[in-house]
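Residues per chain are reported as follows:
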There are 2 protein chains.
Amino acid sequence: MFSKRAESMYHSPIRRYNPLSDKVRANGKIVLPLNIGQPDILTPGEFFDAIKDASTDRRTIAYTVSEGLPELRQAFSNFYKKVGLAYEVPDILVTTGGSEALLFTILTLADHGDNIIVFEPFYPNYGSLAKMAGVDLNPVMTKREDNFRMPGAEQIAKAINSKTKAILVTNPNNPTGVVLTKDEMDAVVEVAKQYNLYIIADEVYREFVYGDVEFISFASYTEFSDNVILCDSVSKRFSGCGVRIGCVASTNKEFMSQCLKMCQSRLSSPYIEQVGATALFNVDDSFIQEALVEYKSRRDVCAEVISTIPGLDFRTPDGAFYFIVKLPGINADDFTVWLLEEFDVDGKTIMLCPVGESYVNPQDGASEVRISYCGLSCDDLRTAMNILKEGIARYLEVVK
Amino acid sequence: MFSKRAESMYHSPIRRYNPLSDKVRANGKIVLPLNIGQPDILTPGEFFDAIKDASTDRRTIAYTVSEGLPELRQAFSNFYKKVGLAYEVPDILVTTGGSEALLFTILTLADHGDNIIVFEPFYPNYGSLAKMAGVDLNPVMTKREDNFRMPGAEQIAKAINSKTKAILVTNPNNPTGVVLTKDEMDAVVEVAKQYNLYIIADEVYREFVYGDVEFISFASYTEFSDNVILCDSVSKRFSGCGVRIGCVASTNKEFMSQCLKMCQSRLSSPYIEQVGATALFNVDDSFIQEALVEYKSRRDVCAEVISTIPGLDFRTPDGAFYFIVKLPGINADDFTVWLLEEFDVDGKTIMLCPVGESYVNPQDGASEVRISYCGLSCDDLRTAMNILKEGIARYLEVVK
């Protein structure tokens, strides 16, 4: 009736309980959202100033060039140079969010039936985007007992077959919070070189690294830069997820020419949001520094409470703003629904994100949830984690 | 090296001469653009007022729900009801432009190797979007000598095979300007019913109909509405192409549920432009009425001059804002480049859009160009058409 691709896709685990949550809220229960990577930090004033200026310039809101507004491409380029990556303006294609950057990259690199190496557990929308493209995800497991560290070159190479076109790496990782070491990255690059694969580097969380850990970009492997496709976004960096502006960056001119065809197929990204996004790159570095301090406190609050929950398997993340947590023998979807429908502490409950879809075989993650700590204050997070703790105890006692 | 799908795609014929045109302009030549469907009429003030208001509401620019802002879905629904189409809010998914509406619809209806009936000549990006999806376009020719009128049910049925999933119809048509009669639409619906196919109705030019011709929507076939997927956009209606807001509308609940998965894969459409687009639906009907008067004058100016060009084969369009013109034995791409590089009249030249890519086999349209009359004043269009006239004469004399 509909396409097999559509029917094989999942409704996003991050979003599919929204209707239920809305219903529960309408009945007066307070639902603390832990499901979505939606920061609550205000979008910088530079964004609002820019769109206000744009609003006084009454004109025809025309298509921009498909490559993106020249000043926005320049802003991306300047930003990369500041962090030591030599992307010039022609190396950048503006996209409507990091999602579009990923979709266009996959479409440019892989055909129906080809595959792309991903590391489980992965960002669930990788599955959706790959299915849209008819491309298979070829999973390599990172293990909870190894703190989700990357497997070595040999392990990665084992998964590669004649249909493999690229290795997709999220760094810092969503949902595991792992930040790759130089050795781990060397291993990926070694394999990519050996098999002449592209590396799709999803580095939208680049700034969100806590403690002594250092973030390194795959784009810093300059001798291999023509095989690296960087997918980026202003969403997390500037607390502007709804702006939907990202980019694809690569020094590979032929790749860029092919990928431009995808950009032309949708004509252009939205004009006003491109103007706003351009201004975001003028934001002072203190913005991200302050956000980092706040996120680290939030992470620590969560870790403090989570560590007291019996039977809960978790790792404190080094980067991004998620915990991936394994519930003690509890089905994550059932528990998420139960928390919304049946449970509360003083009129409050929490909304989790089950991450079965972070695995090619969702059963592998059936009892895992992702907890986002970017959208609630430390106080609310403490409350939320205590609700989680009491919820698990009650669920094990009453329901299971 | 790259995907076959990317390599088989074309750089948009509407946009691929932009770099050349920029170069020529930099050297001082004035280039009158006839290549792109970019209206020059100002975007209504309501849009700017709305984004100005949004700029004063300093907050976190968050993801919206993937379905689109509730008030924007409501605005689309109200608009449809006003024109007699009974789409309720749940029947509408906001998309980032009509392009995304088309892509998501194709992805939801057809798998790799499936096909969709299109009528040649078609909007070139249909080819790109279908290739992105791995779906084949299954062409049925409409003929210049028949004024590009639709073939009958029998002719359409002949093209259908076991892999055919839908019939994609552009009405009013880009690039031919044809507005379908009730009889022509009945024939499409008859075939779609007989073979249980979907009708993908691209009606983004719905308002742009000149003279006594009446526009009818496929969505008005209420008994067949579950098989009709409407793809729409605010771009042309409100002279806001750079807003990149459109929608998919259908009463088919299962289709909407499947298509929502595509929407969730890109999280949401941009927030600010959704706010602006919502306000566009408050624009008084006089806006479009005035635009229509202007476009009709422009069409008539073009027709007046074009009709004096020896050997040029053209039809005066009833709708949209394009002429499709067959040059007298001239290759359209070569001529487009020559006009930019080698020709001018008093320092001015024109930029055309070759439409080979409006045919599955581009050779079928190798000598055809699309002329857009939405972006220049009557005076400039008269100048442009005279440049075309002189250019053809000179090209036939000197070059060919």
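Here the structure is a predicted model, which is why all the values come from computation and not from measurement. (Residues numbered from 1 in each chain as written. Chains lettered and ligands numbered in written order. Predicted model: local features only at pLDDT ≥ 70, side-chain atom pairs only at ≥ 80, totals over all residues. Heavy atoms only, no water.)

Could you clarify how one ought to interpret the relation of the copies chain A and chain B in this entry?
Between the two chain copies there is a screw-like relation: a rotation about an axis and a shift along it. Expressed as a screw operation, the relation of chain A to chain B combines 0.0 Å of axial shift with a rotation of 180 degrees, fitting to an RMSD of 0.0 Å. A rotation of that kind, with that shift, is consistent with a two-fold axis. No C-alpha of chain A lies nearer the rotation axis than that of A:Lys52, which sits 2.6 Å from it. Same-surface contact between copies: 100% of interface residues of chain A are shared with the interface of chain B. (Least-squares fit on C-alpha atoms with pLDDT ≥ 70 in both. Contact = heavy atoms within 4.5 Å.)

I'm lost on the pattern of salt bridges in this one. Help?
A side chain with one charge may pair with a side chain of the opposite charge, provided their charged atoms come close. Residue and element names in this part refer to chain A. Summed over all chains, the structure comprises 42 salt bridges over all chains. Across the salt bridge formed by Arg 149 and Glu 184, the nearest N and O atoms sit 2.5 Å from each other. Of this pair, Arg 149 sits in the loop between β4 (136-141) and α7 (153-159) while Glu 184 is found in helix α8 (residues 182-195), placing the two residues 35 residues apart along the sequence. With its nearest N and O atoms 3.4 Å apart, the salt bridge here joins Arg 206 to Glu 203. (Salt bridge = Lys/Arg side-chain N within 4 Å of Asp/Glu carboxyl O. Helix = DSSP H or I, 4+ residues; strand = E, 2+ residues; numbered from the N terminus.)

Looking at this structure, how should I read the packing of helix α11 (residues 285-306) of chain B against helix α13 (residues 378-399) of chain B?
When two helices pack together, their arrangement is given by the angle between their axes and by how far apart the axes lie. All names here are of chain B. Taken N-terminus to C-terminus, the directions of α11 and α13 make an angle of 25 degrees; their axes are 9 Å apart at the nearest point. It follows that α11 is roughly parallel to α13 by the angle criterion. As for the relative orientation of α11 and α13, their crossing is right-handed in sense. Where α11 abuts α13, its residues Glu 294, Ser 297, Arg 298, Val 301, Cys 302, Glu 304, Val 305 and Ile 306 lie against Cys 378, Leu 381, Arg 382, Met 385 and Asn 386. Here the contact of α11 with α13 is composed, by residue class, of seven nonpolar, two polar and four charged. (Axes fitted to C-alpha atoms, helices over the stretch in contact; angles between N-to-C directions. Parallel < 35°, antiparallel > 145°, perpendicular 65-115°, else oblique. Left-handed = near helix turned anticlockwise from the far one by under 90°. Nonpolar A, V, L, I, M, F, W, Y, C, P; charged D, E, K, R; others polar.)

Looking at this structure, how should I read the state of the cysteines?
In a disulfide, the sulfur atoms of two cysteines are held together by a covalent bond. Scanning all chains against the criterion turns up zero disulfides over all chains. A:Cys259 takes part in no disulfide bond, and the closest cysteine sulfur to it belongs to A:Cys263, at a distance of 4.9 Å. (Disulfide = S-S within 2.5 Å.)

Would you explain the pairing of strand β7 (residues 228-233) of chain B in this entry?
Working note: regular strand, side chains alternate between the two faces of the sheet. Residue and element names in this part refer to chain B. Within β7, six of the six residues are buried, which leaves the element mostly enclosed by the surrounding structure. The two faces of β7 match: Val 228, Leu 230 and Asp 232 on one face and Ile 229, Cys 231 and Ser 233 on the other face are all buried. The sheet contact formed by β7 and strand β8 (residues 246-249) spans four bridges and is antiparallel. The residue bridging Leu 230 from the neighbouring strand is Ala 249, located in β8. (Buried < 20%, exposed > 50% of the residue type's maximum accessible area, 1.4 Å probe, protein only. Pairing = 2+ DSSP bridges.)

When you look at the sheet that holds strand β13 (residues 368-372) of chain A in this model, what are you seeing that I'm missing?
Backbone-to-backbone hydrogen bonds pair the strands of a sheet. The strands run either parallel or antiparallel. Residues and elements named next belong to chain A. A sheet is described by the order of its strands in space; here four strands give the open sequence β9-β10-β13-β12, paired in antiparallel fashion. Two strands lie at the open edges of the sheet, namely β9 (313-314) and β12 (353-354), each paired on one side alone. Relative to β13, strand β10 (residues 322-326) runs antiparallel, the two being bridged by five bridges. What sits directly across from Tyr 322, in β13, is Ser 372.

Whenever I open this one, the confidence of the model for chain A confuses me. Can you help?
Parts of the prediction with low pLDDT should not have their coordinates interpreted in detail. For chain A, mean pLDDT is 97; residues scoring 70 or higher make up 100% of the total. If you check the scores for this complex, the pTM reads 0.97 and the ipTM reads 0.97. (pLDDT = per-residue confidence, 0-100.)

Honestly, the interface of chain A and chain B in this entry has me stumped. Any pointers?
How big an interface is tends to be reported as the loss of accessible area on association of its parts. Listed by partner, the interface residues are 80 residues for chain A and 80 residues for chain B. Considering only the surface of chain A that becomes buried against chain B, A:Phe2, A:Arg15 and A:Tyr63 emerge as the three largest contributors, covering 12% of it. A salt bridge links A:Arg58 to B:Asp49; its shortest N-O distance comes to 2.5 Å. The tally of links between chain A and chain B comes to 63 residue pairs in polar contact (both at pLDDT 80 or more). Listing elements by their share of the side of chain A that touches chain B, those giving two or more residues are α1 (4-8), α3 (45-56), α5 (97-109), α6 (125-133), α9 (253-265) and α10 (271-280) of chain A. Among the elements that take part in the side of chain A that touches chain B, α9(A) stands out by supplying nine residues, more than any other. A per-class count over the side of chain A that touches chain B returns 36 nonpolar, 27 polar and 17 charged. (Buried area = accessible area lost by both parts, 1.4 Å probe. Polar contact = N/O pair within 3.5 Å; in protein donor to acceptor, adjacent residues only side chain to side chain.)

Which parts of the structure should I look at to understand the environment of B:Thr336?
Residue and element names in this part refer to chain B. For Thr 336, the position within the fold is in helix α12 (residues 332-342). According to the relative accessible area criterion, Thr 336 is buried, its value standing at 0%. Here the alpha-carbon distance between Thr 336 and Cys 353, two residues 17 residues apart in the chain, equals 7.4 Å. For Thr 336, the residues in contact, after removing those within four places along its chain, are Tyr 17, Leu 352 and Pro 354.

I keep staring at helix α6 (residues 124-133) of chain B and nothing clicks. Help me out?
For an α-helix, 3.6 residues make a turn, and residues three or four places apart therefore share a direction. Residues and elements named next belong to chain B. The buried count for α6 comes to nine of 10 residues, which makes it a mostly enclosed element. Residues of α6 that are buried: Pro 124, Asn 125, Tyr 126, Gly 127, Ser 128, Leu 129, Ala 130, Met 132 and Ala 133. Immediately downstream of α6, the backbone of Gly 134 shows phi near 70 degrees, a positive value.

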